[in-house]
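Tertiary structure, described
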Amino acid sequence: MPDPVCRVDITDGATDLLRRLIAQHGPVMFHQSGGCCDGSAPMCYPRGEFRVGASDVLLGCLDADTPFWMSADQYEYWRHTHLTVDVVRGRGSGFSLEAPEGVRFLTRSRLLADDELAVLDQNPPRTGADPP
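On a predicted model such as this, the values are computed, not experimentally measured, just so you know.

1. Concerning the nonpolar core
By size, the foremost hydrophobic cluster in this structure holds 20 residues, and its most contacted members are Phe 30, Leu 59, Phe 68, Val 85 and Phe 105. Looking at this core, the elements that each hand over two or more residues are strand E1 (8-10), helix H1 (12-25), strand E2 (28-32), strand E4 (57-62), strand E5 (66-70), strand E6 (81-89) and strand E7 (103-111). Looking at this core, the element that brings in the most residues is H1, giving 4 residues. For Phe 30, the residues in contact, after removing those within four places along its chain, are Leu 18, Pro 42, Met 43, Cys 44, Leu 62, Thr 66, Pro 67, Phe 68, Trp 69, Val 85 and Phe 105.

Written out as C-alpha cells, the structure reads:
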C-alpha cells in the first residue's frame, strides 16, 4: 500500500535528533515563520512555549506526534511544495532547541506532483483558529 500523501516529512537523522530533544525537553513542536532569522530553518520549541497564531497552518505531524506549523504568509508561497525536515552541522538560530548541539534543522523542498496536490487540496490543512 502506498504511503499517504503529506506535506511534511523528516529524515532519519533529524528524527534521531528530534527524539533526543524530546527525551531532554518533553514534547516539542516545529514552527517555520519565513521571517528574517533563518527563514528556511524550522524552529523547534518545547510544546506550549510558542503560541500558534490563528492564521498559522498545521502542515502535519512528524515522529512522536510532533506538529509542524507554518505562518500563513509562508504557506501561500510554499503550498505547492513537500517539505522534508533534515539536520546539518552548524549553528542556526539561538531560539531553536537544537542550537546548543552544534547542528541545526532545515527544510528541503520539492514541488508536489499534480496528483499529490489534488489529494491535498481536497483536505486543506487546519489553522491555529480551528479547534484541535
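2. Considering the pattern of salt bridges
As enumerated under the stated definition, the model contains 4 salt bridges in all. For the salt bridge of Asp 86 with Arg 108, the shortest nitrogen-to-oxygen distance reads 2.8 Å. Of this pair, Asp 86 sits in strand E6 while Arg 108 sits in strand E7, and the two are 22 residues apart along the sequence. For Arg 108, a relative accessible area of 42% translates into the label partly exposed. Between Glu 116 and Arg 110 there is a salt bridge whose closest N-O contact spans 2.9 Å.

3. Overview of unusual backbone geometry
Excluding glycine, most residues fall at negative phi; most peptide bonds, likewise, are trans. The backbone of Ala 64 sits at a positive phi, close to 60°, despite the residue not being glycine. Following the sequence through the fold, Ala 64 ends up in the loop between E4 and E5.

4. Structural notes on the sheet that holds E5
With mixed pairing, 4 strands are arranged side by side in an open sheet as E3-E2-E5-E4. Looking at strand neighbours, the two that pair on one side only are strand E3 (43-46) and E4, the edges of this open sheet. The mean angle between the axes of side-by-side strands here comes to 25°, regardless of whether they run parallel or antiparallel. Sheet topology places E2 next to E5; 3 bridges connect them, and they run parallel. By the bridge assignment, Gln 32 is partnered in E5 with Met 70. Against the sheet, H1 makes contact with E2, E3 and E5, and its axis sits at roughly 125° relative to E2, the strand it touches most.

5. Notes on the side chain of Glu 98
Within the element layout of this structure, Glu 98 appears in the loop between E6 and E7. Of the side chains bearing the opposite charge, Arg 104 lies closest to the buried Glu 98, which forms no salt bridge; the N-O distance is 7.4 Å. Among the polar contacts listed, one links the side chain of Glu 98 to the side chain of Ser 96, at a separation of 2.4 Å.

Analysis parameters
Residues numbered from 1 in each chain as written. Predicted model: local features only at pLDDT ≥ 70, side-chain atom pairs only at ≥ 80, totals over all residues. Heavy atoms only, no water. Core = buried A, V, L, I, M, F, W, Y, C linked by side-chain atoms within 4.5 Å. Buried < 20%, exposed > 50% of the residue type's maximum accessible area, 1.4 Å probe, protein only. Helix = DSSP H or I, 4+ residues; strand = E, 2+ residues; numbered from the N terminus. Contact = heavy atoms within 4.5 Å. Salt bridge = Lys/Arg side-chain N within 4 Å of Asp/Glu carboxyl O. Pairing = 2+ DSSP bridges. Axes fitted to C-alpha atoms, helices over the stretch in contact; angles between N-to-C directions. Lys, Arg positive; Asp, Glu negative; His and termini not counted. Polar contact = N/O pair within 3.5 Å; in protein donor to acceptor, adjacent residues only side chain to side chain.

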